[in-house]
Structure formats: C-alpha cells, structure tokens
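Take a look at the letters that make up each chain.
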Amino acid sequence: MIVARELNKEDKTKLLDMIDEINNFDGNFEGLTNISKIINYDMFLENLEKNKHQELIKHEYSPQTTFGVFDDGKLVGGFNLRHTIKGNLINYGGNIGYLVKPSERKKSYGTIVLSLAIEKAKEIGLQKVLVSCRDDNIASTNVIEKNGGIYENNYYDEELKQTYKRYWIYFDERK
C-alpha cells in the first residue's frame, strides 16, 4: 500500500539512506531541498513542524508540510506541499515540489507521488496548485501532465540560468 505521511523519528534511517542515495547519484534535491542537509534529525523534525505555520517562519517564506511517500513501508520519495506561494515560488517551485529516489525512478512513482500531493492539497482546502519543472526534465513534464497539469508558460530565472515550465492543476478539471 502506498501512503503519504509526515516524517517522524522512526523514519530517520530510511530518510538518511535516501539522502545518501541521492547524493551518490546526482545530488539533485530539487523538489525536496529541505531534506538535503540534515545535521541533527530531531532538529530537522522540529523545523518541519515549525515550517507548517506562517506565524513561526519568516513572513517572506511560504508555510509548507513535508511528506514522505512509502510503499509497504519502503520510502520511495516525498514532497513539499506549500500552503501558499510567495516570492519566486510563483515563478518556479509552485505549491508542490516532489522527488523520487533514484533507485525507484521509472516505476511510475513520480505520477503517484504527485497525485498524493494533490490529494493532500485538496485536504488543506486548495482549489488549484502550481507545479513547475525544469524545461529539460521530460520525466517531470510527463508526470505533471498525467496529473492534469495545464501548461501556462515558461519562466527563465536569470540567477539560476534555468528555464522552468509552469503548470496549473485545477481540481475540478482533473481526469
């Protein structure tokens, strides 16, 4: 059974193993950057809880909830669900950032992870979500489109020297 849930103390080894795998593969945590540098796991969990509440974080940041996605207890990926989008998140990043660990890619988990993120977005009362990906990320483009993503435009970030595709997913129009 595949489930999305917030990370907890019991997930420490699984999450640290996933981080090691990503670092050994390509070091690309795009979509779930807040897991990339864990020094103290308990503090990491405290920060995840704090990040869910706008009154506890800097005003310019968007409150977000981080989820792990587990298939029969095995951590296969995760996502950040941003409750609102502020700053550059409106240009790239959007409401949902997700990733699948390298050994679990090309197994349809990307589509499942994004679908679970959309369900969680509905649960918190969002009517639509913005999801973006690098313009050269064909796999992510396919995942977003399979989940009902409607292409809006491209955004070029001067600082990152990267173009992002921007998609909206409207819940009442999902297939």
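All values derive from a computational prediction rather than experimental measurement. (Residues numbered from 1 in each chain as written. Predicted model: local features only at pLDDT ≥ 70, side-chain atom pairs only at ≥ 80, totals over all residues. Heavy atoms only, no water.)

Observations concerning the sheet that holds strand β3 (residues 74–82)
Picture the strands of a sheet paired through backbone hydrogen bonds; they go either parallel or antiparallel. The following threshold applies: Paired strands are those between which DSSP finds at least two bridges. Numbered from the N terminus, helices here are DSSP runs of H or I no shorter than four residues, and strands are runs of E no shorter than two. Orientation is described by axes fitted as lines to C-alpha atoms, over the contacting stretch for helices, and by angles from 0 to 180 degrees between their N-to-C directions. Every residue pair with non-hydrogen atoms within 4.5 Å of one another is taken to be in contact.
Strand order in the open sheet formed by four strands is β1-β2-β3-β4, with antiparallel pairing between adjacent strands. Two strands lie at the open edges of the sheet, namely β1 (2–6) and β4 (96–100), each paired on one side alone. With direction set aside, neighbouring strand axes in the sheet form an average angle of 20°. Two elements, β1 and strand β2 (residues 64–71), share five bridges in a ladder whose sense is antiparallel. Counterpart to glutamate 6 in the pairing with β2 is phenylalanine 67. Sheet contacts for helix α3 (residues 109–123): β1, β2, β3 and β4; angle to β4, the most-contacted strand, approximately 150°.

Topic: the environment of leucine 45
Among the structural elements, leucine 45 can be located in helix α2 (residues 41–50). Residues leucine 45 and valine 143 lie 98 residues apart in sequence; the distance between their C-alpha atoms is 28 Å. With residues near it in sequence (within four places) discarded, leucine 45 still touches Leu7, Asn8 and Lys9.

Points about the packing of aromatic side chains
Where two aromatic rings form a pair, the distance of their centres and the angle of their planes describe that pair. Heads up, the rule is: Under the pairing criterion, centres of Phe, Tyr and Trp rings, with the six-membered ring standing for Trp, must be within 6.5 Å; the plane angle then separates stacked pairs below 30 degrees from edge-to-face pairs above 60, leaving the rest tilted. Relative accessibility under 20% of the residue-type maximum defines a buried residue, over 50% an exposed one, and the middle range a partly exposed one, all with a 1.4 Å probe and only protein chains included.
Applying the stated criterion across every chain, the model contains six aromatic pairs. Taking 5.7 Å as the distance between ring centres and 40° as the angle between the ring planes, the aromatic pair formed by tyrosine 41 and phenylalanine 44 counts as tilted. One end of the pair, tyrosine 41, and the other, phenylalanine 44, are both in helix α2, three residues apart, so they sit about a helical turn from each other. Summarising the aromatic geometry, the rings of phenylalanine 67 and phenylalanine 79 are spaced 4.8 Å apart at their centres and angled 25° between planes, so their arrangement reads as stacked. Note that phenylalanine 67 is positioned in strand β2 and phenylalanine 79 in strand β3, a separation of twelve residues in sequence. Given a relative accessible area of 0%, phenylalanine 79 falls into the buried group.

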